[in-house]
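# What the coordinates show
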Amino acid sequence: MNDPVREKQDTMSESPAKYDVIIIGSGVGGLSAGLTLQTLRPELNTLILEQHNAPGGYISGFRRKGYYFDSGAEGLVFAGENQNFRKAIDGLGVKLEYLSIDPIEVLHYEDKSIALYPDPDRYQQELIRNFPDSEEEIVKFFEIIIALQKEYDSSIKDGLEPSFRELIKIVFRRPTMRKLALKSYKKFLEDSFSDPELIKVLAIYSLWYGIPPEDIKAVSAAVSFFSPIFNGHYYPKGGMFAFAQGLTETFVKRGGEIQYKKRVTQILTKRRKAIGVGLKDGTVIHGKWIISNADLKRTVFEYVNMKKFPNSYLGKVLKKDQSVSGFAVFLGLDKELKGYPSHMAYNVDAEKLIKNTLNGIFDPKEVLIRIPSKIDSDLLNEGKSSVILLSFAPYNWAHKWNKNDPEKYKRTKENYADMLIKLAENLIPDLSEHITLKLVSTPLTFERFSLNTQGAWYGPKMGGLNIKIQPPIRKLFLAGANIDGGGVAPCFFSGMNVGKHISKRFKPWQRTARIMFPLISYFTNRSKMKVLLNPSRIK
Ligand SMILES: Cc1cc2nc3c(=O)[nH]c(=O)nc-3n(C[C@H](O)[C@H](O)[C@H](O)COP(=O)(O)OP(=O)(O)OC[C@H]3O[C@@H](n4cnc5c(N)ncnc54)[C@H](O)[C@@H]3O)c2cc1C
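Computed from a predicted structure; not experimentally measured.

### Some remarks on the overall build of the chain
- Check the secondary structure of the chain and you find 20 helices and 18 strands.
- The proportion of buried residues among the 539 residues of the chain is 47%.

Printed below as a string of structure tokens:
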């Protein structure tokens, strides 16, 4: 198809950039990049373009008929008072209140219910209570985890979370980390425990990455998964949307600009340098630097003219698989749910669920239940609860969820929503009798919402080939799940890194020029005005 803007690009004269930096997408990576830039360089003009009418992407939230729902993420790790993520957010001047999620989650199985407490002693006792025969192994396991946490804490510099590469470097300087360096999380669990049930319970954390325990490094697992146990798991007061709003408001206060309902369809380049973006409505906006917080594959293959990239880079991006997607049911009830924790899991075998999903199977036997008002009672809808039911689900299942036949698609959604509700009734017995609102999301809904390829919940799958913040196009950068995979904190840090990187490239003379230009034009205009007001001055 002919695209006049694209065809003209290379011969187009480079109009003066209206913005210093244009950021595509207001996910946590885009927001933190913008906020970092405006904080370090308040004189910059940074513009964020967001396709939706609200910020945040997967850290957003929405209300329907008064019920509040988180759109994606449901908690923050590394957000304890003295932890790196919290220090970074506070350091950027984002003022928010964080509520502790305690217990972090309660896992229910036919014969057991196990609470994950944000306290290593309480959690250890809870595991021993449920698995008394494994007491010795549990104690030993915790000794290793405590040593790992200490080694990790002493390795953090600058309040920044180390990237996967840095983590590998650190590993070689720390004895416990070194011992586990080459082990997978699965092997670590199998070497630590003889009871397969206990291994299943501790593998639950692989849900947070959406990858099976054998594909996760033991060290990253032990550090990330057990951080909430040692340092707490947090929820912003007002829901995740309050977090997105806090970042956005601070960005705007620092001079940044955000425009909603603006979908970027092109990244314009001139001689392998990004010079601006094209929007769906045909508008072209020029910028000196472009940051894409949008999906990696769309950025490379759709928004930039892919011929601009070397084949080796295209191959690298093509090889990146997407992470899992999922199925969600958002329920508004006619009553308040009392006596429940905020996060519950029914019958979850994480390894099996993830493998099924990656193999294209959707046959839910488990469900995750979230009740936001159990953490923040202000999120009740006039005393009534909202509930979110979640499961992983493959994007390509049943010919893409029978999407070509709208009736069949609707029926499929309804059937599986009912199935998750039934599973949830094992923990909330009369749930179906109190539903007054029901919204259902398939992987196709998540794809439409985030524009992430295949509705991936965590962006490109973690591991494999490393994607750097700067692709081989000058003045183009990537932020968010594109870099080190999903998760609110890693995406935040990726944006912060890009922000720092660009702010260093903004030359001091540009800053001086920015201040001097209005002064010069003021005096020039003043003398012109004098001439106009007093023509006798013209010789
Ligand atoms: C159900 C669910 C539960 C999760 N739970 C947790 C959790 O508890 N803890 C945790 O740490 N992580 C969790 N995650 C993962 C985490 O939320 C994400 O990894 C992270 O928020 C992604 O941030 P991002 O910066 O990559 O941007 P995204 O959230 O992907 O946002 C991208 C933004 O860019 C916009 N955009 C995209 N393309 C364009 C375009 N062309 N033009 C204009 N705008 C565009 C989108 O509308 C969106 O707003 C969860 C995710 C999901 C889906």
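Alright, that's what it looks like, and here's the rest.
### A word on the site of the ligand
- The full set close to the ligand counts 36 residues, and G25, G27, G57, G480 and G486 are the nearest of them.
- Counting only elements with at least two residues in the shell around the ligand, the list comes to helix 2 (28-40) and helix 19 (488-505).
- By residue number, the principal contributor to the shell around the ligand is helix 2, which donates three residues.
- Looking at which domains feed residues into the shell around the ligand, each of domain 1 (4-96 + 236-321 + 458-505) and domain 3 (325-455) supplies at least three.

### Some thoughts on the sheet that holds strand 7 (residues 112-116)
- Judged by pairing direction, the sheet is mixed, and its seven strands sit side by side in the order 7-6-14-15-16-13-17 without closing on themselves. Two strands bound the open sheet, and with one partner strand each, they are strand 7 and strand 17 (435-441). Here the average twist between neighbouring strands, direction ignored, is 20 degrees.
- As judged from the six bridges shared by strand 13 (residues 325-333) and strand 17, these two strands associate in the antiparallel manner. Within strand 17, the position partnered with L331 by the bridge is K438.
- Against the sheet, helix 17 (residues 443-450) makes contact with strand 13, strand 16 (386-393) and strand 17, and its axis sits at roughly 90 degrees relative to strand 13, the strand it touches most.

### Thoughts on helix 3 (residues 84-91)
- Residues of helix 3 that are buried: N84, F85, R86, A88 and I89.
- The inward-facing, buried residues of helix 3 contact helix 19.
- Just downstream of helix 3 lies G93, where phi reads positive at about 85 degrees.

### What to know about the environment of V21
- Tracing the backbone shows V21 in strand 1 (residues 19-24).
- For V21, a count of 28 C-beta atoms within 10 Å translates into the label buried.
- V21 sits 268 residues away from W289 along the chain, and the two C-alpha atoms are 4.7 Å apart.

### Examining the environment of S325
- Considering the arrangement of structural elements, one finds S325 in strand 13.
- Along the backbone, S325 and F446 are 121 residues apart, and their C-alpha atoms lie at a distance of 7.6 Å.
- Discounting residues that sit within four places of it in the chain, S325 has contacts with A393, Y395, P443, F446, Q454, G455, A456 and W457.

### Describing the packing of helix 2 against helix 11 (residues 240-253)
- Where helix 2 meets helix 11, the closest approach of the two axes is 9 Å, and the angle between their N-to-C directions is 30 degrees. Our classification of the angle between helix 2 and helix 11 gives roughly parallel. Crossing of helix 2 over helix 11 shows left-handed handedness. Across from L31, S32, G34, L35 and Q38 in helix 2, the residues of helix 11 making contact are A244, L247, T248, T250 and F251.
- Residues belonging to the contact of helix 2 with helix 11 are distributed by class as follows: five nonpolar, five polar and no charged.

### Considering the packing of helix 4 (residues 120-130) against helix 5 (residues 135-153)
- The N-to-C vectors of helix 4 and helix 5 enclose an angle of 155 degrees; their axes lie 10 Å apart at closest approach. By the angle between their directions, the pair helix 4 and helix 5 is classed as roughly antiparallel. Of the two elements, helix 4 crosses helix 5, and the hand of that crossing is right-handed. From helix 4, P120, Q124, L127 and I128 reach across to helix 5, where they touch E135, I138, F142 and I146.
- Broken down by class, the residue content of the contact of helix 4 with helix 5 amounts to six nonpolar, one polar and one charged.

### Here we look at the nonpolar core
- Judged by nonpolar contacts, the single largest core of 147 residues is most densely connected at I204 and I291.
- Dropping the residues within four chain positions of it, I204 is found in contact with L107, A345, V348 and A350.

### Brief notes about the confidence of the model for the chain
- Summarising the model, the chain shows a mean pLDDT of 89, and 88% of its residues fall at 70 or more.
- In the model, residues 524-539 has pLDDT below 50 throughout and makes three contacts with residues more than four positions away in sequence or in other chains.

Criteria and cut-off values
- Residues numbered from 1 in each chain as written.
- Predicted model: local features only at pLDDT ≥ 70, side-chain atom pairs only at ≥ 80, totals over all residues.
- Helix = DSSP H or I, 4+ residues; strand = E, 2+ residues; numbered from the N terminus.
- Buried ≥ 20, exposed ≤ 12 C-beta atoms within 10 Å, placed from the backbone.
- Near = placed C-beta within 6 Å.
- Domains from an automatic or database assignment.
- Pairing = 2+ DSSP bridges.
- Axes fitted to C-alpha atoms, helices over the stretch in contact; angles between N-to-C directions.
- Contact = placed C-beta atoms within 7 Å.
- Parallel < 35°, antiparallel > 145°, perpendicular 65-115°, else oblique.
- Left-handed = near helix turned anticlockwise from the far one by under 90°.
- Nonpolar A, V, L, I, M, F, W, Y, C, P; charged D, E, K, R; others polar.
- Core = buried A, V, L, I, M, F, W, Y, C linked by C-beta atoms within 7 Å.
- pLDDT = per-residue confidence, 0-100.

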